[in-house]
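# Observations on the three-dimensional arrangement
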Amino acid sequence: MTETLLELLPDYGAPFLGLITLLSCLALPVPASLFMMAAGGFAAAGDLPLGLTVLAALTGAVLGDQIGFLLGRGGSGVLQRMERRGGKQAQALARATALTRKRGNIAVFLSRWLLSPLGPYVNYAAGAARMRWHRFSLASISGETVWVMVYVGLGAGAMDQLSTLWPMISDMLGLLAAVSVALLLVLRLWHLLQIHRQAHPRKRRGDRG
Amino acid sequence: MKRPAPLRILWDHHKPTLALLVLALAVALFFASRFVLHWVYWHDQRATHPDLEPWMTVGFIAHSWHRPPESVAVLIGNPDDLRRKSLEDIAKDQNRPVEDLIAELTALLETDRP
């Protein structure tokens, strides 16, 4: 599947690359990073124009982010109703969405390139948490610029090692995403443990419940 | 008087979150071990030659092997009109499987070192 798509790249060029980066921002399983590296290689070989390639990849990615953000915003009403329902869960949800509105731009920026497997879900979450549009867009555009530059540059500079370098990069991205999710879960569990200990101080063995 | 172990508490009260953590760590371990395997393979490959893939064009191969495009086109047997054509397309034109073309071209590039 990936190879068939890659064969189409020199034929259909920059617009095709833009479509691939757009789809990848909506969590569709297309290997956009590999495509940008291959496009960088084609550009270095003179088969694709470099400037247009970069511009198309960037435009596709930013458009994809906007679509994901709007889809998330479409679901924000459901979250707001849940927040208004009251109770512990609703309070926790309200805290989470408030944190996303305040600090979400860092998550958006980093999940464009360093933690890219998480990117699409951050788009939906940012929309659903009603993050301000201009904050989201600024983080999205700057992050996607880093993403496109790194991969197209890598492809153009190290094309003789592309087929062996790519698997290592994709492993590293998967590892980084899994480790950061694990870290968030550890923080969450630690927090839950503190709550539990406050609620049950000096609990004895045998009377768990 | 001993307080129950943290893992015990979490297992009793927050199973889904703990299960998600175990899953995330398993995925991390999977990628870490695959990375090591790919790293070893990369070190073996680096000394020899860059792999050819069906999606690569003549220009792409020429550039990555540091050869002029014309010389690679000559090796394939058709010096005209090869730009932007992938090895897959060229193999189709020549009515043979792309693996054949890749094997032949790799051998030719190996012997024809400048």
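Cut-offs applied
- Residues numbered from 1 in each chain as written.
- Chains lettered and ligands numbered in written order.
- Predicted model: local features only at pLDDT ≥ 70, side-chain atom pairs only at ≥ 80, totals over all residues.
- UniProt positions renumbered as here; feature names shortened; annotations may be inferred.
- Helix = DSSP H or I, 4+ residues; strand = E, 2+ residues; numbered from the N terminus.
- Buried ≥ 20, exposed ≤ 12 C-beta atoms within 10 Å, placed from the backbone.
- Contact = placed C-beta atoms within 7 Å.
- Domains from an automatic or database assignment.
- Core = buried A, V, L, I, M, F, W, Y, C linked by C-beta atoms within 7 Å.
- Arc of directions from axis to C-beta.
- Axes fitted to C-alpha atoms, helices over the stretch in contact; angles between N-to-C directions.
- Parallel < 35°, antiparallel > 145°, perpendicular 65-115°, else oblique.
- Left-handed = near helix turned anticlockwise from the far one by under 90°.

Chain A carries the name VTT domain-containing protein in an unreviewed UniProt entry, which gives Thalassovita aquimarina as its organism. If you open the UniProt record of chain A and go to Subcellular location (unreviewed entry), you find "Cell membrane".

A tally of helices and strands in chain A yields eight helices and zero strands. Ordered by position from the N terminus, the helices and strands of chain A form the series α-α-α-α-α-α-α-α. In terms of overall dimensions, chain A has a C-alpha envelope of 70 × 40 × 25 Å along the principal axes. A buried classification covers 40% of the 209 residues belonging to chain A. Restricting the contact set of chain A to residue pairs at least 6 apart, pairs at least 24 apart contribute 80%.

Attention now moves to the UniProt feature "domain: VTT" (unreviewed entry) in chain A. Residues annotated in UniProt with the feature "domain: VTT" (unreviewed entry) correspond here to residues 30-156 of chain A. Helix makes up 85% of residues 30-156 of chain A and strand 0%, and the two end C-alpha atoms of the span are 20 Å apart.

What follows covers the interface of chain A and chain B. Each side of the interface is counted separately: chain A has 38 residues, and chain B has 43 residues. Residue assignment for the side of chain A that touches chain B shows that the elements contributing at least two residues are α1 (2-24), α2 (32-45) and α8 (162-199) of chain A.

The next thing to look at is the domain arrangement of chain B. Partitioning chain B into structural domains gives domain 1 (6-46) and domain 2 (58-111). Taking the mean C-alpha position of each, domain 1 of chain B and domain 2 of chain B sit 41 Å from one another.

Let's shift gears to the nonpolar core. Residue and element names in this part refer to chain A. Ranked by internal contacts, the top residues of the largest apolar core, which has 50 residues, are Phe 35, Met 36, Ala 38, Ala 39, Ala 57 and Val 148. A total of eleven residues in this core trace back to one element, the largest contributor, which is α2. If near-sequence neighbours (up to four positions away) are discounted, Val 148 is found in contact with Met 36, Val 54, Ala 57, Leu 58 and Ala 61. Val 122, Ala 126, Ala 139 and Ala 177 belong to the second-largest nonpolar core, a separate cluster that totals 18 residues.

A few words on the UniProt feature "transmembrane region" (unreviewed entry) in chain A. With numbering matched to this structure, UniProt assigns "transmembrane region" (unreviewed entry) to residues 12-38, 50-72, 136-154 and 174-193 of chain A. Secondary structure content for residues 136-154 of chain A is 100% helix and 0% strand, and the end C-alpha separation is 27 Å.

Another aspect to go through is helix α6 (residues 119-128) of chain A. Residues and elements named next belong to chain A. Along α6, eight of the ten residues are buried, which leaves the element largely enclosed by surrounding structure. Looking only at α6, the buried set comprises Gly 119, Pro 120, Val 122, Asn 123, Ala 125, Ala 126, Gly 127 and Ala 128. Of the surrounding secondary structure, the elements contacted by the buried residues of α6 are α3 (50-74), α4 (76-84), α5 (88-113) and α7 (133-157).

The subject of this paragraph is the environment of B:Trp55. Structurally, B:Trp55 is set in the loop between α2 (15-46) and α3 (58-64). Between the alpha carbons of B:Trp55 and B:Trp11 there is a distance of 50 Å; along the sequence they are 44 residues apart. Excluding residues within four positions of it along the chain, B:Trp55 makes contact with A:Glu3, A:Leu6, A:Glu7, B:Ser86 and B:Glu88.

Residue and element names in this part refer to chain B. Its place among the elements puts Trp 65 in the loop between α3 and α4 (69-76). Taking the C-beta count within 10 Å as the criterion, Trp 65 has 18 such neighbours and is therefore assigned partly exposed. Those residues in contact with Trp 65 that sit more than four places away from it in its chain are Pro 50 and Leu 109.

Take α4(B) next. Residues and elements named next belong to chain B. When we look at burial in α4, the residues that qualify are Pro 69, Val 72 and Ala 73. An end-on view of α4 places all buried positions within 100° of arc, on one side of the element. For α4, the secondary structure elements touched by its buried residues are α3. Once α4 finishes, Gly 77 follows within two positions and takes phi at roughly 105°, a positive value.

With that out of the way, let us pick up the packing of α1(A) against α2(A). Residue and element names in this part refer to chain A. The contact between α1 and α2 brings their axes to 9 Å, and the two run at 120°. In terms of axis orientation, α1 runs oblique to α2. When the axes of α1 and α2 are compared, the crossing they make is left-handed. Of α2, the residues touching α1 (which contributes Thr 2, Leu 6, Leu 9, Pro 10, Leu 17, Ile 20, Thr 21 and Ser 24) are Ala 32, Leu 34, Phe 35, Ala 38, Ala 39 and Phe 42.

Here the focus is unusual backbone geometry. Residues and elements named next belong to chain A. Unlike most non-glycine residues, Ala 27 shows phi in positive territory, near 70°. Relative to the helices and strands, Ala 27 is located in the loop between α1 and α2. Residue Ala 27 is classed as partly exposed on the basis of its C-beta count, with 16 C-beta atoms lying within 10 Å. One non-glycine residue, Arg 130, lies in the positive phi region at around 60°. When you line up the elements, Arg 130 lands in the loop between α6 and α7.

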